[in-house]
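# Geometric and topological summary
Residue strings, one per chain:
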There are 2 protein chains.
Amino acid sequence: MPATRTSKTGRTQEERSAAMRARLLDATIDCLVEHGYSGTTTTRVAERAGVTRGAQVHHFPTKADLVTAAVRDVAARRARLAFARMDELAASTDPIGDTLDLLWEIHQGPIFAASTELLLAARTDPALRALVAEVEPEISEVIVEFGRRLFGPQADTSAFRHYAYTAMDTVRGLLVGSWAYPDDSHLDARWQRARACLRQLAPAELTVR
Amino acid sequence: MPATRTSKTGRTQEERSAAMRARLLDATIDCLVEHGYSGTTTTRVAERAGVTRGAQVHHFPTKADLVTAAVRDVAARRARLAFARMDELAASTDPIGDTLDLLWEIHQGPIFAASTELLLAARTDPALRALVAEVEPEISEVIVEFGRRLFGPQADTSAFRHYAYTAMDTVRGLLVGSWAYPDDSHLDARWQRARACLRQLAPAELTVR
DNA sequence: AACAATACCTGCAAGTGTGTATGTTAGTTT
DNA sequence: AAACTAACATACACACTTGCAGGTATTGTT
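Attention in this report is confined to the structure presented alongside it.

## So, the packing of helix H4 (residues 63-84) of chain B against helix H8 (residues 126-151) of chain B
Residues and elements named next belong to chain B. In contact at an axis separation of 10 Å, H4 and H8 are set at 5° when each is read in the N-to-C sense. With respect to H8, the element H4 is oriented roughly parallel. The segment H4 lies against H8, with Ala-64, Asp-65, Thr-68, Arg-72, Ala-75, Ala-79, Ala-82 and Phe-83 engaging Leu-128, Leu-131, Val-132, Val-135, Glu-138, Ile-139, Val-142, Glu-145, Phe-146 and Arg-149. Residues belonging to the contact of H4 with H8 are distributed by class as follows: twelve nonpolar, one polar and five charged.

## A short note on the interface of chain A and chain B
Across the contact, 33 residues belong to chain A and 33 residues belong to chain B. Roughly 3,400 Å² of surface becomes buried between chain A and chain B when both sides are summed, with 62% attributable to carbon and sulfur atoms. Looking only at chain A, the three residues that lose the most surface to chain B are Leu-120, Arg-123 and Tyr-181 of chain A, adding up to 20% of its buried area. At the junction of chain A with chain B, the criterion picks out four salt bridges. The residue Asp-169 of chain B makes a salt bridge to Arg-190 of chain A at a minimum N-O spacing of 2.4 Å. On inspection of chain A and its partner chain B, the count reaches eight residue pairs in polar contact (both at pLDDT 80 or more). Sorting the residues of the side of chain A that touches chain B by element identifies helix H1 (13-39), helix H7 (110-124), helix H8 (126-151), helix H9 (158-180) and helix H10 (187-201) of chain A as the ones contributing at least two each. No other element matches H9 of chain A, which puts eleven residues into the side of chain A that touches chain B. Each residue belonging to the side of chain A that touches chain B can be placed in one class, and the counts come to 15 nonpolar, nine polar and nine charged.

## Concerning empty space enclosed by the protein
Under the definition given, this model contains five cavities of 30 Å³ or more. Taken as a whole, the largest cavity spans an internal volume of roughly 110 Å³. Looking at the largest cavity, the residues that line it are Thr-166, Thr-170, Ala-194, Cys-197, Leu-198 and Leu-201 of chain A together with Thr-166, Thr-170, Ala-194, Cys-197, Leu-198 and Leu-201 of chain B. Elements with a contribution of two residues or more to the lining of the largest cavity: H9 and H10 of chain A together with helix H9 (158-180) and helix H10 (187-201) of chain B. Class assignment for the residues of the lining of the largest cavity results in eight nonpolar, four polar and no charged. If you trace the second largest cavity, you find it lined by Ser-140, Ile-143, Val-144, Ala-155, Phe-160, Arg-161, Ala-164, Tyr-165 and Met-168 of chain B. Those elements giving two or more residues to the lining of the second largest cavity turn out to be H8 and H9 of chain B. Looking at the lining of the second largest cavity element by element, the count peaks at five residues for H9 of chain B. Of the residues that constitute the lining of the second largest cavity, the class distribution is seven nonpolar, one polar and one charged.

## As for the relation of the copies chain A and chain B
Each copy superposes on the other: chain A lies on chain B with an RMSD of 0.0 Å after a rotation of 180° and an axial shift of 0.0 Å. Overall, the copies show the geometry of a two-fold rotation axis. Across chain A, the rotation axis passes nearest the C-alpha of Gly-173 of chain A, at a separation of 1.7 Å.

## So, the state of the cysteines
Applying the stated criterion to the full structure yields one disulfide over all chains. Through a disulfide, Cys-197 of chain A is tied to Cys-197 of chain B; the S-S separation comes to 2.3 Å. Highlighted residues: Cys-197 of chain A in helix H10 and Cys-197 of chain B in helix H10, drawn from two different chains. Per residue, the accessibility class of Cys-197 of chain A equals that of Cys-197 of chain B, and both read buried.

## A look at the pattern of salt bridges
Side chains bearing opposite charge may pair, as long as their charged atoms lie close to each other. All names here are of chain B. Under the defined criterion, the tally for this structure stands at 34 salt bridges over all chains. With its nearest N and O atoms 3.3 Å apart, the salt bridge here joins Arg-85 to Glu-88. Arg-85 gets classed as partly exposed once you look at its relative accessible area, which sits at 25%. According to the relative accessible area criterion, Glu-88 is partly exposed, its value standing at 48%.

The rules we used
Residues numbered from 1 in each chain as written. Chains lettered and ligands numbered in written order. Predicted model: local features only at pLDDT ≥ 70, side-chain atom pairs only at ≥ 80, totals over all residues. Heavy atoms only, no water. Axes fitted to C-alpha atoms, helices over the stretch in contact; angles between N-to-C directions. Helix = DSSP H or I, 4+ residues; strand = E, 2+ residues; numbered from the N terminus. Parallel < 35°, antiparallel > 145°, perpendicular 65-115°, else oblique. Contact = heavy atoms within 4.5 Å. Nonpolar A, V, L, I, M, F, W, Y, C, P; charged D, E, K, R; others polar. Buried area = accessible area lost by both parts, 1.4 Å probe. Salt bridge = Lys/Arg side-chain N within 4 Å of Asp/Glu carboxyl O. Polar contact = N/O pair within 3.5 Å; in protein donor to acceptor, adjacent residues only side chain to side chain. 1 Å grid on protein atoms, 1.4 Å probe; cavity = no way out; pocket = protein on both sides within 12 Å on 5 of 7 lines; lining within 4 Å. Points joined across faces, edges and corners; volume = space filled by probe spheres on them. Least-squares fit on C-alpha atoms with pLDDT ≥ 70 in both. Disulfide = S-S within 2.5 Å. Buried < 20%, exposed > 50% of the residue type's maximum accessible area, 1.4 Å probe, protein only.

If you want it as structure tokens, here you go:
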């Protein structure tokens, strides 16, 4: 136990460590979104987090570690957010449609830009690639688990998996496209169209558990 | 006319210039694909093209110029390739389906990786962004023109445009996804599914001109 | 043949990014 | 309270990138 109060701050090592890591990860995501992967220099991250570079390197020895940890972190947070709304979906009159909307919603915010930056960087950086290869199955597994809890064993069929992938591809495509054609005004409308298509495409026998 | 043959090479300035530019642009695309945007250093490009950096900077004063020119170049070449197959499409029994397949085919090869690298870099780099904003409408226009020639004035309806965008988004999404999940084996199968969906989604009244 | 213009080369300056080595402070253990 | 460990800070070395200045060679013009 943290018995001896030798100092004034009164924070245990673990608390300090966790707080520091959180600040660094947040700063990293911000940098990824604002400056892209190569613009996310360890120096800049440290600055933004209000931390010295020494502290940063102590927690994340290499840039690859830092960035993957950051993306893993937001992904996990978004996942928790999704799971928190599971009941709502199960009670819905159109669970599939609502799940699609949730998928869209989850992808809003910094997560998509950040993870795309990571992904594209990993495409050509072996060190990153190795780390991403570790993280990616975790994320996949979370998605599958989500489906399993919502739709039961049907989620383990290959048809379901294909469907889930297709849905995610569609969302990704729309969002990448939104960078190419910065006319964001019709973005939601286009999602509505795509959603309608996906809704129709859903395996007919799919029912909420 | 290039009358005076003062030298042995016998190449006109314009020829020299064009050849040099071509070599630089090709090398740039290769680097984009292999090393990503930030890994595409002007030094590396020059090396790869077998040219000094001085020559490179003479033709493309800045890195942004070089890279956008390169992407514009491949895009143009792919477009020519598409136009070359226009007759084939017009004669097809399923012109829309075949056009979708052509769209997919066009996106294979280096063009997609290269342009995505450019796009993502432009997302956070103002100088690049400005150049991309110039190139992007050109590309859009080519696509619209293609549609217009194949489907006539129907291509100018907003429904058609939305459809074209959706199709392109789908292709992009699939390909970005293929980097996230490096299991390329099912990629074509997934395109078949997506294609089927898009085929169905096509404006019913759409006919070849 | 002489002059101008363009293509191309060499070398450099300034800035930046990453990782590491080494010192200091705060927390933990006995 | 002393010894120990983890957290954090400072400073540096090495490599690398970009854009530019100033020179040489090739082509076009008169």
